[in-house]
Amino acid sequence: MKDVLLPVVRRFLRTLAIVTVCLAAMLGARGEIRLIGAVVAGYAAGAAVTFGMAHRVWRSAGFTPARAKREMLWGLALRLVTLFLILSVAAHISLVVFGAAAGGCLLFYALFMLHLIAAQGSQK
């Protein structure tokens, strides 16, 4: 699993850094650079969801099907609670902050999944 994920994570982090710089420049041009903190909070939520899911899949690989199912459902519940907590705090601040945090979460998740798909496509 480490052999598959480590190169993907390195390329992903490079892409995420480039996208974040572009996003910060766009927010700066609009005079809303204060929202970059909300985007980073969204990245944290996306990281919790993505890496929590990857860790659960890696751990469940050696389990029986019933135990693997239980492990994955427990992990899903933990990921959803984490996502709910981060986004609810952002929603209590303001609607704009919530949008930036949710967008950051979706951006993180989508970029990571695209990198995983690209890595699997290049292996075949």
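Further up the page is the structure itself.
Residues numbered from 1 in each chain as written. Predicted model: local features only at pLDDT ≥ 70, side-chain atom pairs only at ≥ 80, totals over all residues. Heavy atoms only, no water.

Next up on the list: the overall build of the protein chain. A count of helices and strands for the protein chain gives four helices and zero strands. Along the protein chain, helices (α) and strands (β) appear in the sequence α-α-α-α when read from the amino end. Considered along the principal axes of its C-alpha atoms, the protein chain spans approximately 55 × 35 × 15 Å. A total of 124 residues make up the protein chain; the buried ones form 30% of that total. Sequence separation of at least 24 residues holds for 68% of the intrachain contacts in the protein chain that already meet a minimum separation of 6. Total accessible area on the protein chain stands at roughly 7,800 Å², and carbon and sulfur atoms take up 73% of it. (Helix = DSSP H or I, 4+ residues; strand = E, 2+ residues; numbered from the N terminus. Buried < 20%, exposed > 50% of the residue type's maximum accessible area, 1.4 Å probe, protein only. Contact = heavy atoms within 4.5 Å. Areas by Shrake-Rupley, 256 points an atom, 1.4 Å probe, with all protein chains shown as cover.)

Right, let's talk about the pattern of salt bridges for a bit. Throughout the structure, instances matching the rule amount to two salt bridges. The salt bridge partner of Arg-56 is Glu-71, with a shortest N-O separation of 2.4 Å. Of this pair, Arg-56 sits in helix α2 (residues 36-60) while Glu-71 sits in helix α3 (residues 65-93), and the two are 15 residues apart along the sequence. Each member of the pair Arg-56 and Glu-71 is classed as buried. In this structure, Glu-71 and Arg-59 form a salt bridge, with 3.1 Å as the shortest nitrogen-oxygen distance. With Glu-71 in helix α3 and Arg-59 in helix α2, this pair connects stretches of sequence that are 12 residues apart. A residue is classified by how much of its surface remains accessible, and Glu-71, at 10% relative accessible area, is buried. Taken together, the shared-partner salt bridges connect Arg-56, Arg-59 and Glu-71 into one network. (Salt bridge = Lys/Arg side-chain N within 4 Å of Asp/Glu carboxyl O.)

The next thing to look at is the nonpolar core. In terms of nonpolar packing, the biggest core is built from 21 residues, with Phe-12, Leu-16 and Phe-112 touching the most fellow members. Of all the secondary-structure elements, those providing two or more residues to this core are α1 (2-30), α2, α3 and α4 (95-123). With eight residues, the single largest contributor to this core is α4. Apart from the residues lying within four places of it in its own chain, the contact partners of Phe-112 are Leu-5, Val-8, Val-9, Phe-12, Thr-50 and Phe-51. (Core = buried A, V, L, I, M, F, W, Y, C linked by side-chain atoms within 4.5 Å.)

Given 3.6 residues per turn, any residue in an α-helix points the same way as the ones three and four places further on. If you check α2, its first and last C-alpha atoms are 35 Å apart, about what 25 residues at 1.5 Å a residue would give, namely 36 Å. Where α2 is concerned, the buried positions are Ala-38, Val-39, Gly-42, Tyr-43, Ala-45, Gly-46, Val-49, Thr-50, Ala-54, Arg-56 and Ser-60. (Expected span 1.5 Å × (residues − 1).)

Of note, Thr-20 is situated in helix α1. For Thr-20, the side chain forms a polar contact with the main-chain oxygen of Leu-16, separated by 2.7 Å. Residue contacts for Thr-20: discarding those within four places in its chain leaves Ile-36 and Tyr-43. (Polar contact = N/O pair within 3.5 Å; in protein donor to acceptor, adjacent residues only side chain to side chain.)

Taken as a whole and judged by the stated rule, the model has five aromatic pairs. The interplanar angle of 85 degrees and the centroid separation of 4.8 Å between the aromatic rings of Phe-12 and Phe-108 together place this pair among those described as edge-to-face. Of this pair, Phe-12 sits in helix α1 while Phe-108 is found in helix α4, placing the two residues 96 residues apart along the sequence. Here Phe-12 and Phe-108 have matching classes, each one buried. Where Phe-12 meets Phe-112, the ring centres are 5.2 Å apart and the plane angle is 90 degrees; that geometry is what we call edge-to-face. (Phe/Tyr/Trp six-rings, centres within 6.5 Å; stacked < 30°, edge-to-face > 60°.)

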